Amino acid sequence: MKKVIVVLLCMVGLTAMAQRSENRHRGEMKNLTPEQTATLQTKKMTLALDLSQEQQTKIQALNLEKAKDRKAKWEARKAAKESDDATKPTADERYAMQNARLDQMIAQKAEMKNILSADQYDKWQKMAHRKGKHRKGKGKKGQRKARK
């Protein structure tokens, strides 16, 4: 009986450690500057899409702009959380934020279509689609439990 309890405790401990190490990578990425983030994204895209030097410079600029915007929004959210003004957005504010985000996505898609060749663009869309599927269900707590 004691052996069974010890084995179960070990399994629980190992599971907890494995889940904790999964989030460590995300914490390291938050400490990168927008320039570093943009460079890494551009290099990953270069490897995946076989970009030319001209395409790399254009995509680097686009990724840098996105990374700076993302970092500024993250800092603003962090500052709002730390202050006592942290309130949930109203329905109209959520609509405006979602609308702005979708406008940015449409603009990025148009830019990528101008920069990439047809084959590269198709491959990029598939990559973006897979990335979106991977993130599905990770945003809200308890959402996975509700689906099961």
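For the structure itself, consult the block above.
The rules behind each value
Residues numbered from 1 in each chain as written. Predicted model: local features only at pLDDT ≥ 70, side-chain atom pairs only at ≥ 80, totals over all residues. Heavy atoms only, no water. Helix = DSSP H or I, 4+ residues; strand = E, 2+ residues; numbered from the N terminus. Buried < 20%, exposed > 50% of the residue type's maximum accessible area, 1.4 Å probe, protein only. Contact = heavy atoms within 4.5 Å. Areas by Shrake-Rupley, 256 points an atom, 1.4 Å probe, with all protein chains shown as cover. Salt bridge = Lys/Arg side-chain N within 4 Å of Asp/Glu carboxyl O. Core = buried A, V, L, I, M, F, W, Y, C linked by side-chain atoms within 4.5 Å. Expected span 1.5 Å × (residues − 1). Axes fitted to C-alpha atoms, helices over the stretch in contact; angles between N-to-C directions. Parallel < 35°, antiparallel > 145°, perpendicular 65-115°, else oblique. Left-handed = near helix turned anticlockwise from the far one by under 90°.

Remarks on the overall build of the chain
Step number 1: Within the chain, the regular secondary structure consists of six helices and zero strands.
Step number 2: Element order for the chain, N to C, with α for helix and β for strand: α-α-α-α-α-α.
Step number 3: Here the chain holds 148 residues, and 14% of them are scored as buried.
Step number 4: Once local pairs closer than 6 in sequence are excluded, the contacts in the chain between residues at least 24 apart make up 59%.
Step number 5: Summed over all atoms, the accessible surface of the chain reaches about 12,800 Å², with 57% contributed by carbon and sulfur.

Some details on the pattern of salt bridges
Step number 1: Enumeration according to the criterion identifies two salt bridges in this entry.
Step number 2: Put simply, glutamate 54 and lysine 58 hold a salt bridge, and the shortest N to O gap is 3.2 Å. Within this pair, glutamate 54 and its partner lysine 58 are both found in helix H3 (residues 53–82), separated by four residues, close to a single helical turn.
Step number 3: A relative accessible area of 52% places glutamate 54 in the exposed class.
Step number 4: In this structure, the salt-bridge partner of aspartate 69 is lysine 73, at a minimum N-O distance of 3.5 Å. Separated by four residues within a single helix, aspartate 69 and lysine 73 lie in helix H3, roughly one turn from each other.
Step number 5: A residue is classified by how much of its surface remains accessible, and aspartate 69, at 31% relative accessible area, is partly exposed.

Quick word on the nonpolar core
Step number 1: One finds Met45, Leu49, Leu51, Ile59, Leu62, Met112, Ile115, Leu116, Tyr121 and Trp124 forming the largest nonpolar core, which totals 10 residues.
Step number 2: Of all the secondary structure elements, the ones that give two or more residues to this core are helix H2 (34–49), H3, helix H4 (91–115) and helix H5 (118–135).
Step number 3: Not counting residues within four places of it along the chain, the set of residues in contact with leucine 62 comprises Gln108, Glu111 and Met112.

Here we look at H3
Step number 1: Across its 30 residues, H3 extends 43 Å between first and last C-alpha, which sits within 8% of the 44 Å expected from 1.5 Å per residue.
Step number 2: The set of residues buried in H3 consists of Gln55, Ile59, Leu62, Asn63 and Ala67.

Quick look at the packing of H2 against H3
Step number 1: The contact between H2 and H3 brings their axes to 8 Å, and the two run at 140°. With respect to their mutual orientation, H2 and H3 come out oblique. As H2 packs across H3, the resulting crossing turns out to be right-handed. Between H2, through Pro34, Glu35, Thr37, Ala38, Thr39, Gln41, Thr42, Met45 and Thr46, and H3, the contact on the second element is made entirely by Gln56, Ile59, Gln60, Asn63, Leu64, Ala67, Lys68, Arg70 and Lys71.

These results come straight from atomic positions and should not be treated as a statement about function.
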